[in-house]
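Here is how the chains run, residue by residue.
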Amino acid sequence: MTESTPPAVRTEAVWKTFSQEAEEVHAVRDVSLVIAPGEFTALAGPSGSGKTTLLNLMGGLTRSTRGRVLVAGRDLTEMSNRELAQLRLEEIGFVFQAYNLLPVLTAVENAEFPMLLQGVPLEDRRRRVRELFEKTGLTGLEERRPGKLSGGQQQRVAVIRAVASKPAMVLADEPTANLDSSASEALLNVMYDLNQELGVTFVFATHDVRVMERSRRLVRMVDGAIDSDETRR
Amino acid sequence: MQHVGVITLLALRNLRRHLRRTLLTALAMLVGGSLLIFSLSLGDGTHESWIDSGVRMGTGHVTIENPNFQVSRKIEDRLSADTRAAVESALRAPGIAERVTVVSAKMIVRGLASSAAGARPVQVIGVDPLAEVAFSTLDDQVVEGRYLEPDDGLAAYVGVDLVESLDLRVGSRLVLTAQDVNKDIAAQLVRVVGVFRSGVSAIDQSLVHVPRDTAGAWLGSGQDVTNVGMLVAESEEVPRLVSQLRARLAEPIDDGILRVIDWREAMPELNAAVAIDDFGNYLIYGILFVIIGFGIVNTVLMSVLHRHREFGLLQALGLSPRQTGALVLVEGLVLTAVSAVLAIGLGVFITWYFWGDGLDFSSMMSNEMTFSGVVIDPVIIPLFRVARIVQALVFMLLVGGIASIYPAIRAATIDVSESMKFER
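Residues numbered from 1 in each chain as written. Chains lettered and ligands numbered in written order. Predicted model: local features only at pLDDT ≥ 70, side-chain atom pairs only at ≥ 80, totals over all residues.

### Here's the deal with the overall build of chain B
The test is simple: A run of DSSP states H or I qualifies as a helix once it reaches four residues; a run of E qualifies as a strand once it reaches two. Both are numbered from the N-terminal end. Computation of the radius of gyration draws on C-alpha atoms, with the globule rule given as 2.2 Å multiplied by the number of residues to the power 0.38. With C-beta atoms placed from the backbone, a residue is labelled by how many other C-beta atoms lie within 10 Å of its own: buried for 20 or more, exposed for 12 or fewer, partly exposed between the two. A pair of residues counts as a contact when their C-beta atoms, built from backbone coordinates, are separated by no more than 7 Å.
What chain B contains, in helices and strands, is 16 helices and 14 strands. Taking 424 residues into account, the globule formula puts the C-alpha radius of gyration at 22 Å, and chain B, at 31 Å, lies well above it. For chain B, the C-alpha atoms occupy an extent of roughly 105 × 50 × 30 Å along the three principal directions. When the 424 residues of chain B are sorted by exposure, 44% land in the buried category. Here the analysis covers contacts within chain B between residues at least 6 apart in sequence; of these, 82% occur between residues at least 24 apart.

### What about the overall build of chain A?
Within chain A, the regular secondary structure consists of 8 helices and 10 strands. On C-alpha atoms alone, chain A measures out to a radius of gyration of 17 Å, which is about the 17 Å that the 2.2 N^0.38 rule sets for 233 residues. Within chain A, buried positions represent 48% of all 233 residues. Restricting to contacts in chain A with at least 6 residues of sequence separation, those with at least 24 account for 71%.

### A few points about the sheet that holds strand β3 (residues 40-44) of chain A
All names here are of chain A. Basically, it comes down to this: Two strands pair under a simple rule: DSSP has to find at least two bridges between them. Note on definitions: angles span 0 to 180 degrees between N-to-C directions of axes, and those axes are lines fitted to C-alpha atoms, for helices only across the stretch in contact.
If you trace the 6 strands from one edge of the open sheet to the other, you get β6-β7-β8-β3-β9-β10, paired in mixed fashion. The two strands at the open ends of the sheet, each matched to only one other strand, are β6 (92-95) and β10 (225-231). Each strand of the sheet is rotated relative to its neighbour by a mean of 15°, with strand direction disregarded. As paired elements, β6 and strand β7 (residues 169-173) share 4 bridges and run parallel to each other. Following the sheet pairing, I92 is matched in β7 by M169. Running over the sheet, helix α6 (residues 151-164) touches β6 and β7 and is turned about 175° from β6.

### Description of the pairing of β3 of chain A
On a regular strand, each side chain points to the face opposite its neighbour's, so the side chains alternate between the two faces of the sheet. All names here are of chain A. Of all 5 residues in β3, 5 are buried; the element is thus mostly enclosed. Burial of β3 is two-sided: the residues F40, A42 and A44 facing one way and the residues T41 and L43 facing the other way are all buried. Where β3 meets strand β8 (residues 201-206), 5 bridges bridge the pair, whose relative direction is parallel. Residue pairing in the sheet places A44 in a bridge with T206 of β8. Pairing analysis gives 4 bridges linking β3 to strand β9 (residues 217-222), with the strands arranged parallel.

### Description of the domain arrangement of chain B
All names here are of chain B. The cut-off we apply is this: For each domain, the first and last residues come from an automatic or database assignment. For this scheme, ten residues count as nonpolar: Ala, Val, Leu, Ile, Met, Phe, Trp, Tyr, Cys and Pro. Four count as charged, namely Asp, Glu, Lys and Arg, and the remainder, Gly too, count as polar.
Segmenting chain B into domains produces domain 1 (2-55 + 271-419) and domain 2 (59-266). Each of domain 1 and domain 2 was reduced to a C-alpha centroid, and the two centroids are 47 Å apart. At the junction of the two partners, domain 1 supplies 9 residues and domain 2 supplies 11 residues. For the side of domain 1 that touches domain 2, the element with the most residues is helix α2 (residues 19-57), which contributes 4 residues. Broken down by class, the residue content of the side of domain 1 that touches domain 2 amounts to 3 nonpolar, 4 polar and 2 charged.

### Quick notes on the sheet that holds strand β1 (residues 9-20) of chain A
Residue and element names in this part refer to chain A. With antiparallel pairing, the 4 strands of this open sheet are ordered in space as β2-β1-β4-β5. Two strands in the sheet have a free side with no partner beyond their single neighbour: β2 (23-35) and β5 (74-75). Pairing geometry for β1 and strand β4 (residues 66-71), over 5 bridges, is antiparallel. Paired with V9 across the bridge in β4 is V71.

### With respect to the confidence of the model for chain B
As a reminder of what qualifies: pLDDT: the predictor's confidence for each residue, scored from 0 to 100.
Mean pLDDT over chain B: 89, with 97% of residues reaching 70 or higher. If you check the scores for this complex, the pTM reads 0.73 and the ipTM reads 0.90.

As structure tokens, this is what we get:
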């Protein structure tokens, strides 16, 4: 990372507090984290450890109670809902655990949806998406609706959608949780290869050991705070 | 707004996705909308029939008279022969002549009709028999004898109730007494040539038609008249004709010699009846469409609640909250617009079907029904008006739009992170 290139995401003493039956629950406590462009990072921890909330904070899907979140150098805490939507469109790709695709669109339409919103011309959209379909072994399934795809195929389409528009980073929340081991492995390979070949930054919230093993940086969370931050070779 | 194309595409696909739900809602709109079109046409047809009956019995769609005549009803508040000539000249002007279908100049006075059996207060109208045949429907309502003819001199056409109360028959002599132009009481002997039954008791008791020349000679008014009445093809043309005539006759109007009034001013009771009936109809349409509106709210809201996660996903992918709301609004509007267009087609077809012979309600009316001097025709012919189609279309779109607002707000204000939570 050079001085002129801002981190893909930076959190500065971020807190997220929910009110629950007159009690305050701190889902994320004082988390400061810097993720550089091109990283393949996993946020791990048991259920309720705050990894999904931290991922949502990084993606501007929820607002911090205290502290700052910066994506590609832009401060999310200062932004309106409309600006956050624009930032998500330009800088962030999402892969969720399930129901990732819009049921009324075909696989190829789903994959190119962010580019459609960005106004990328049809030919460019189709070229980029077809390349990624080929790379991920989905060729021939372009015109299928999500209901006609397996869980693994749907997740791969979601990954293509997340990376095709060339965002600053992809946030993936338990992307393998609903997949069997071979589909999980295949999906991880796809994401790993895209990270290696295209330099796309991936941040996962996961408790899947396979994801943790493949990640080059593992941030463990306990009770909303960072417990350990380990970089592997 | 950005992404209009994407939002429209998603809206259309979403409507197709739940086809049965979409079709059921569209069907409710279709039935409601076509009923609205047909009811509006029927209502307009009814009102046109009332207005036609009223103006033919009265002084026309538009009448020109002395400014004081409506209140005084006195012979001194009449239009001179010169003024009448100026009015008739204005009626021949281009733009006016094409609009006016019939003109009838009348001398209307209050007086007394007497026979050997007694006397009754009456309204005597001096008419040009030929013009009046085209203007009024009274000649069709003859029950004995005939209507006035151009060669008639001392002839009278009277109502059945007057005939009964004065013990008259066709050929009987009758003395009419009224104030003449010199404010003297003048009497005129006439002979009954025909008897009519209008169905309106007040008219059958008190109306007497005599030839205008006879009235002029009797009252000393010559070619003067109290009113120049005219009919148009459809009452909607009245405002335009009135303004044209007011422009043409600006000078005598400014001098206080005459005024141009429409049937609404001349017959305020009829105007009120039409307005009240319209209000009642609009109230029913309103209630009908509130019910349909709730149906649309239900359909669109259910669709929003079922697609909570989908809206979260759309916002995560870059659609703003406002654009997410717009998607729901477009779905509601597209559904309404398509239903409205089909409803208009069906409504126009039903209107067209009944246009020829009309709807006969005579089985529901035991006797002739009347109000304010208007005989209600039991056969109603729907009246098709383009303006009503536009009104109905706007109304339906408004209902659809308003009904979609709450679901749209729900979609726009979802908590994205909550909606994307996966229940483990």
